[in-house]
Structures are given as structure tokens and as C-alpha cells.
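Listed here are the chains, written in short residue letters.
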Amino acid sequence: MVTHVDAEPAGVYGRLLASRGWRVEEVRVVSYADPRPPASLEGVDALVVMGGPGTVSGLHPGNSGECRLIEEAVLRGIPYWGVCLGAQLLAAATGGACVPGAGAEVGHVPVELTDAGRRDPVLAAWAAAAGGEDGRPTVMAWHSDTFRLPAHAELLASSQRYPHAFRVGPSAYGIQFHLEVTPVLARQWLTDDSYRRAAERSLGPGGVGAFLAEHERRAAALEHQAELLMGGWLEQIARTRAIRRAVDCAGGARG
């Protein structure tokens, strides 16, 4: 797992990985533009990249060791889960780009699946279980940058303002929104001056308090969504491994 700041850990996703028996090794990336890859992928079964503050718009993937690590993971078929910044970096690493958005999106927003999203085994199952009557799950958004997708990616879900989920290849997912943030973590974000100023600019007078109250109210539902969404990805990984083992065994038997 790659993290960028203490304020943006894996949260609910981390607890889910632990409960499913995954051994998580955390690597901290201090500079997005450090040309050295932050870790080796040898022995890595999946790569999770979390969020971070600031902007990486205009990042040149060729000068970013983190982007090269992500590109290698995708090329090798290693399952990838990128959250917020991790989603933007996936886009940049695979031929798209991180770009400035037209204003920050902070708050609880509904997202709608595209046709590709409704066909996607991970997103479709999540939305069916979490989307309510209109089929649009409400998620927590907190970002100002966005991404341009590489030509071979599939856009899976969007809010009214921004793209929010996409897939590159069979198992590399970029998720712009946050389901992993507990109310405790949200309050911690707002004790940081830079996070709080960003929220105040986006939400206006009184908006921060209303945001926190809304997040408290939705906390259980968002945690359940996190378990559904990442849980679906983990189940897809398990299915793929089982199929590969079956194919390998069949090949060995024929030999």
C-alpha cells in the first residue's frame, strides 16, 4: 500500500483488507515527482494507492517513480486500487493525465454508473446494493483536481460535475470519491488549516459544520459501501486466481 500523508490512511479499506487476511505493507511517498520507484513489485499480489493533499496536475509520468510503479503493476496484471490521488495517478501512469478541475468538489454527492459501469462486476454489484431507489449511490467527494482517461480505459461512474470511477484492463480501478473516511478522520482533516480552508472555500459559510453533520449521519452507510465496493474487487481477485489455478492444473494434467 502506498500512502502520501498521515491524514489520508486506508481507513475502512485498511480494516477490510485485514479482516480478509491480507498482509499489508505500507510505503510512504513524500514526493510525487521523485524519479525513483518507491518499492518493488516482487511478491506483491495487489497494489493500493491512497490520496493526498495538494495538486499533481501537470505531473510528467516519465519523471515520477510512483507513476512508473503503477504502470508496471498494470502491465503485469497486478490488481490496483487507487483512491482520489491514487485514481489520478493511475490515469497519468497509463496514458491519461491529472488535470485541474473547474473548482473543488467537497461534500456528499450522488454518482451515476455509465453503461460500462453497469456491466462492470465490481461497480454494478456495489451500486445495486447501495444505490437506493434511483440506483445512484451517494458518496463523499473531496478533490479539486480531476483526470483525463487514457484511450483504453472505461469510465464507470460520474457525479454531475466530475468523472469518479474508471477501470484500466481487467482489475486496475481508479476511485475518485472517498468511502474509507470515518467521521473521526473527517474531523481530523478539518483540524488541518489547508484541508479546512479548502472545505470553507467550497462549502461557504456554515458549510463545514453541515458537512460534518451529514458525514456523521451517513457514516454507517458509507462504511457499508466501502465494504461492498472494495470487497467486490477482492472477490474478483480471488475468482481470477482460482481460474488461473484451475487452468494451470489442467495444463499440468495434460502434460
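Residues numbered from 1 in each chain as written. Predicted model: local features only at pLDDT ≥ 70, side-chain atom pairs only at ≥ 80, totals over all residues. Heavy atoms only, no water.

A. Representation of the packing of aromatic side chains in the model. In the structure shown here, the tally under the stated rule is 9 aromatic pairs. Ring geometry for Tyr13 against Trp81: centres 6.0 Å apart, planes inclined by 90°, an arrangement best described as edge-to-face. Remark: Trp81 occurs in strand E4 (residues 80-83) and Tyr13 occurs in helix H1 (residues 12-19); sequence separation between them is 68 residues. Side by side, Tyr13 and Trp81 carry an identical accessibility label, which is buried. On the basis of an interplanar angle of 75° and a centroid distance of 5.6 Å, the ring pair of Trp142 and Phe211 is categorised as edge-to-face. Note that Trp142 is positioned in strand E7 (residues 138-148) and Phe211 in helix H8 (residues 207-254), a separation of 69 residues in sequence. (Phe/Tyr/Trp six-rings, centres within 6.5 Å; stacked < 30°, edge-to-face > 60°. Helix = DSSP H or I, 4+ residues; strand = E, 2+ residues; numbered from the N terminus. Buried < 20%, exposed > 50% of the residue type's maximum accessible area, 1.4 Å probe, protein only.)

B. Broad picture of the environment of Ala127. For Ala127, the location among the structural elements is in helix H5 (residues 121-130). Sequence-wise, Ala127 and Pro170 are 43 residues apart; in three dimensions their C-alpha atoms are separated by 19 Å. Sequence-distant contacts of Ala127, that is, excluding residues within four places in its chain, are made with Leu113, Gly135 and Pro137. (Contact = heavy atoms within 4.5 Å.)

C. Region of interest: the nonpolar core. Core analysis: the biggest nonpolar cluster contains 37 residues, and Tyr13, Trp81, Trp126, Leu229 and Trp233 have the highest contact counts within it. When residues of this core are traced back to their parent elements, those giving at least two are H1, E4, H5, E7, strand E8 (154-158), strand E10 (172-175) and H8. Of all the elements, H8 adds the most residues to this core, at 7 residues. Val49, Tyr80, Cys98 and Val168 belong to the second-largest nonpolar core, a separate cluster that totals 27 residues. (Core = buried A, V, L, I, M, F, W, Y, C linked by side-chain atoms within 4.5 Å.)

D. Representation of the packing of helix H2 (residues 65-75) against helix H3 (residues 85-93). Across the interface, H2 lies against H3 with an axial gap of 9 Å and an inter-helix angle of 75°. Here H2 lies roughly perpendicular to H3, going by the angle between them. Residues Glu66, Cys67, Ile70, Glu71 and Val74 of H2 lie in contact with H3, whose contacting residues are Leu89, Leu90, Ala92 and Ala93. (Axes fitted to C-alpha atoms, helices over the stretch in contact; angles between N-to-C directions. Parallel < 35°, antiparallel > 145°, perpendicular 65-115°, else oblique.)

E. Broad picture of the pattern of salt bridges. Under the definition given, this model contains 18 salt bridges. Asp134 serves as the salt-bridge partner of Arg136, at 3.3 Å between the closest nitrogen and oxygen. Residues joined in a network through salt bridges with shared partners are Arg119, Asp120, Glu154 and Arg167. (Salt bridge = Lys/Arg side-chain N within 4 Å of Asp/Glu carboxyl O.)

F. Representation of the side chain of His215. With respect to the helices, strands and loops of the structure, His215 is situated in helix H8. Taking the relative accessible area as the measure of exposure, His215 reaches 1% and is therefore buried. A distance of 2.9 Å separates the side chain of His215 from the side chain of His108, its partner in a polar contact. (Polar contact = N/O pair within 3.5 Å; in protein donor to acceptor, adjacent residues only side chain to side chain.)

G. The pairing of E7, seen in detail. For E7, a buried count of 9 out of 11 residues is recorded, marking the element as mostly surrounded by other parts of the structure. Alignment of strand E5 (residues 97-110) against E7, held across 10 bridges, turns out to be antiparallel. Bridge pairing in E7 places Gly107 opposite Ala141. (Pairing = 2+ DSSP bridges.)

H. Seen up close, the state of the cysteines. The full count for this structure, using the stated rule, is 0 disulfides. Cys84 forms no disulfide, and the closest cysteine sulfur to it belongs to Cys98, at a distance of 10 Å. Residue Cys84 is classed as buried on the basis of its relative accessible area, which comes to 6%. No disulfide involves Cys98; its sulfur sits 6.5 Å from the nearest other cysteine sulfur, which is in Cys67. Residue classification places Cys98 among the buried positions, given a relative accessible area of 6%. (Disulfide = S-S within 2.5 Å.)

I. Structural detail: the environment of Ala219. Within the secondary structure, Ala219 sits in helix H8. Take Ala219: its relative accessible area is 19%, and that puts it in the buried class.

J. Examining H2 more closely. Taken residue by residue, H2 has Gly65, Glu66, Cys67, Leu69, Ile70 and Ala73 as its buried positions. If you follow the buried residues of H2, they end up packed against strand E1 (2-3), strand E3 (47-49), E4 and H3. The first or second residue beyond H2 is Gly77, which carries a positive phi of 75°.

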